[in-house]
Amino acid sequence: MSPSNFIFGLFFLSTVAIAGEPDVARQKELVHLVRQDCGSCHGMTLKGGLGPALLPETLRDKPAEGLAATIYYGRPGTPMPPWKAFLSEAEAAWIVDKLMTAFPQ
Amino acid sequence: MRLLLIALFALLLNACAGPQLRGTGDLGLIIERASGHITLVNTTARQPYARIGGLGDLSHASAVYSRDGRYAFIFGRDGGLTKIDLLEAKIVKRIIQSGNAIGGSISQDGRIVVAQNYTPGGIKAFDSDTLELLSEVPAEYAPGQFSKVVGLADTGGNKFAYALFDGGEIRVTDFSNPRQPTTQKFPAGSQPYDGLVTPDGRYFLAGLFGEDGVAMLDLWQPEKGAKKILENYGRGQEKLPVFKMPHLRGWSVAQGKAYLPAIGRHEVLIVDVATWQEVGRIPVRGQPVFVMARPDGRQIWVNFAFPDNAKVDVIDTLAGKVVHAFEPGKGILHMEFAPRGENVWLSARDDNKVLIYNTENFAKLGEIPAESPSGIFFTARAVRIGF
């Protein structure tokens, strides 16, 4: 691989990563949504309430796609509602990624 | 001359050191959910007079009062139970009583404070003087299965009624012997989400999430068992999504009728308390969360779940419809009426303030700064059953 190709490759990878992330202002809105509104059931500190805890250690063994689908479509038969009117699938995936690592304050 | 000066000086000192006398009847507190603080307020002056920190995770906190209104018992999400002296404006005692709590209640005689817990699921009774643990009643509904407890309410004779979210039961625990409580169990329905006792202490209602309807137990005749009211109020129609669970308390009862939030419908349901039949429903602008009667029962104030939580609708019970609809602020989480209802305090979480309105003409009277305010609790609750 030539140096220029390598640099192009790096550039390409980084744009892909950025394309999957909401912008900074939207990230702030999503964090507020999760802490305050998801927090009604899951707790503002995400330690759980009527809904289960959303901490990295409780989510570790669950597939990320399934968690994102739960946010987006809800889970029938439980109180978990669909949030698709308020966020995109990519944003649901971003929330899951943050929940599974360290959710911003 | 010198003696006179000393005498005057002594008088002055005395005046400075003398305690400021205060009654408890017009005091209250505001929960500041994000920072573990409470702000103490005077409802006559409509001003804060102290702020106390160090109360832990208050993200779903509630408070009950001792009979004299001097002490507040605050139940935090993290299982913290904190006893506050409103006159001295300080924490008297604080314990961590469970891993994850949802609220609590105080007995008829004021001697027992009971906390309701999600983890581990059950209730615990504490001496209201010392916060010493007296007994605990696990919410075991099948071998090894413990339910989250919701809707705990004080009833006559130091009995407490509550419901099991996972277990689908109403339970009544009698703490007349607080170290050896006894519990009665009644099948109630699918996923009770909260409960209330009517202001006379006779009926316990548990709202159901898993089915259309409300479970009702006559506490004067518990042997008759829990029965279903408001059954199938959705009549098979698809439910709207519920982005926050409604709350129930005795404030729902006004003028012989109970005004209850529908689940998954943008309606307030009206039930005649004499017959327990549905007598009407009122369309509102969102999924109701709190449906609260002004103390005289003339008005019902309704706030809403996300994404309609900037709105408040006011129902006139005589007209049977919404007579005032407005958007007082961002994230209206809770409402509390002055003891006799001439004004109402609304917490606007995302505006970081509490707003005060005149309930007769809906004029704004003032506001109090508070960080992410949620629950507002006035001492008038001390003398009401089920608050």
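Here the structure is a predicted model, which is why all the values come from computation and not from measurement. Residues take numbers from 1 onward in each chain, read along the sequence in its written order. Chains and ligands are labelled by the order in which they are written, letters from A for the one and numbers from 1 for the other. Only residues with pLDDT of at least 70 are given local features in this predicted model, and only at 80 or more are side-chain atom pairs given and counted; all residues enter the totals for whole chains, interfaces and linings.

So, the overall build of chain A
Then comes step 1: Each helix is a run of H or I in the DSSP string that is no shorter than four residues. Each strand is a run of E no shorter than two, and both are numbered from the N terminus. Assigned secondary structure in chain A consists of 5 helices and 0 strands.
Then comes step 2: Each helix and strand of chain A, placed in order from N terminus to C terminus, yields the pattern α-α-α-α-α.
Then comes step 3: Three classes are used. A residue is buried when 20 or more other C-beta atoms lie within 10 Å of its own, exposed when 12 or fewer do, and partly exposed in between, with C-beta atoms placed from the backbone. Counting the 105 residues in chain A, one finds 26% classified as buried.
Then comes step 4: The contacts in chain A between residues at least 6 apart in sequence include a share of 48% that link residues at least 24 apart. The contact criterion used here is simple: two residues whose C-beta atoms, placed from the backbone, lie within 7 Å are in contact.

Quick notes on the sheet that holds strand β8 (residues 100–106) of chain B
Residue and element names in this part refer to chain B.
Then comes step 1: The strand order across the open sheet built from 4 strands is β8-β9-β10-β11, with neighbouring strands paired in antiparallel fashion. Looking at the sheet topology across the chains shown, the edges are occupied by β8 and β11 (133–138). Averaged over all neighbouring strand pairs, the angle between strand axes comes to 20 degrees, with direction disregarded.
Then comes step 2: Of the strand pairs in this sheet, strand β9 (residues 112–119) and strand β10 (residues 122–127) are connected by 6 bridges, and their pairing is antiparallel. By the bridge assignment for β10, V114 is matched with A125. Strands pair, by our definition, only if DSSP identifies at least two bridges between them. To get an axis, a line is fitted to the C-alpha atoms, and for a helix only the part in contact is used. The angle between two axes follows their N-to-C directions and goes from 0 to 180 degrees.

Quick notes on the pairing of strand β18 (residues 192–197) of chain B
All names here are of chain B.
Then comes step 1: Counting buried residues along β18, 6 of its 6 residues qualify, which places the element largely inside the surrounding structure.
Then comes step 2: Of the strand pairs in this sheet, β18 and strand β19 (residues 203–208) are connected by 5 bridges, and their pairing is antiparallel. Residue pairing in the sheet places P192 in a bridge with L208 of β19.
Then comes step 3: Counting the residues that bridge the hairpin from β18 to β19 gives 5 residues, and of these G201 lies at a positive phi of roughly 80 degrees.

Thoughts on the pairing of strand β3 (residues 47–52) of chain B
Residues and elements named next belong to chain B.
Then comes step 1: Pairing of strand β2 (residues 37–42) with β3, which is carried by 5 bridges, proceeds in the antiparallel orientation. Note that in β3 the partner of L40 across the bridge is A50.
Then comes step 2: In this antiparallel pair of consecutive strands, β2 and β3, the connection spans 4 residues, and R46 shows a positive phi of 55 degrees.

What to know about the packing of helix α4 (residues 64–73) of chain A against helix α5 (residues 89–100) of chain A
Each pair of packed helices can be summarised by the angle the axes make with each other and by the distance between the axes.
Residues and elements named next belong to chain A.
Then comes step 1: For the pair α4 and α5, the least separation of the axes is 9 Å and the interaxial angle reads 125 degrees. When the axis of α4 is compared with that of α5, the two are oblique. When the axes of α4 and α5 are compared, the crossing they make is right-handed. Residues A64, L67, A68, I71 and Y72 of α4 touch α5, and the partners they reach there are E89, A92, A93, I95, V96, D97 and M100.
Then comes step 2: Under the scheme applied, nonpolar residues are Ala, Val, Leu, Ile, Met, Phe, Trp, Tyr, Cys and Pro; charged residues are Asp, Glu, Lys and Arg; polar residues are all the others, including Gly. Partitioning the contact of α4 with α5 into residue classes produces 10 nonpolar, no polar and 2 charged. Any angle from 65 to 115 degrees is called roughly perpendicular, while one under 35 is roughly parallel, one over 145 is roughly antiparallel, and all others are oblique. Helix crossings get a hand from a simple test, with the near helix turned counterclockwise from the far one by less than a right angle marking a left-handed crossing and a clockwise turn marking a right-handed one.

Re the interface of chain A and chain B
Then comes step 1: Taken together, the 16 residues of chain A in the interface contact 18 residues of chain B.
Then comes step 2: For the side of chain A that touches chain B, a count of residues per class yields 7 nonpolar, 7 polar and 2 charged.

Structural notes on the environment of T182(B)
Then comes step 1: Along the chain, T182(B) turns up in strand β17 (residues 182–187).
Then comes step 2: Sequence separation between T182(B) and V137(B) is 45 residues; the distance between their C-alpha atoms is 8.8 Å.

With respect to unusual backbone geometry
Residue and element names in this part refer to chain B.
Then comes step 1: Residue P120 is reached from T119 by a cis peptide bond, and omega for that bond is -10 degrees.
Then comes step 2: Mapped onto the elements, P120 comes out in the loop between β9 and β10.
Then comes step 3: Note that the residue after F306, namely P307, is joined by a cis bond; omega there is 0 degrees.
Then comes step 4: Along the polypeptide, P307 turns up in the loop between β27 (299–304) and β28 (312–316).

Concerning the confidence of the model for chain A
Then comes step 1: As a per-residue quantity, pLDDT reports the predictor's confidence and falls between 0 and 100. Predicted confidence across chain A gives a mean pLDDT of 86, with 82% of residues reaching 70 or more.
Then comes step 2: Counting interchain partners and residues more than four positions distant, the pLDDT-below-50 stretch residues 1–18 of chain A has 1 contact.

Side note on the sheet that holds β28(B)
Residue and element names in this part refer to chain B.
Then comes step 1: The strand order β26-β27-β28-β29 describes an open sheet built from 4 strands, whose pairing is antiparallel. Of all the strands in the sheet, just β26 (288–293) and β29 (321–326) have a single pairing partner and so form its edges. Going from strand to strand, the sheet's axes swing by 25 degrees on average, the running direction of each strand aside.

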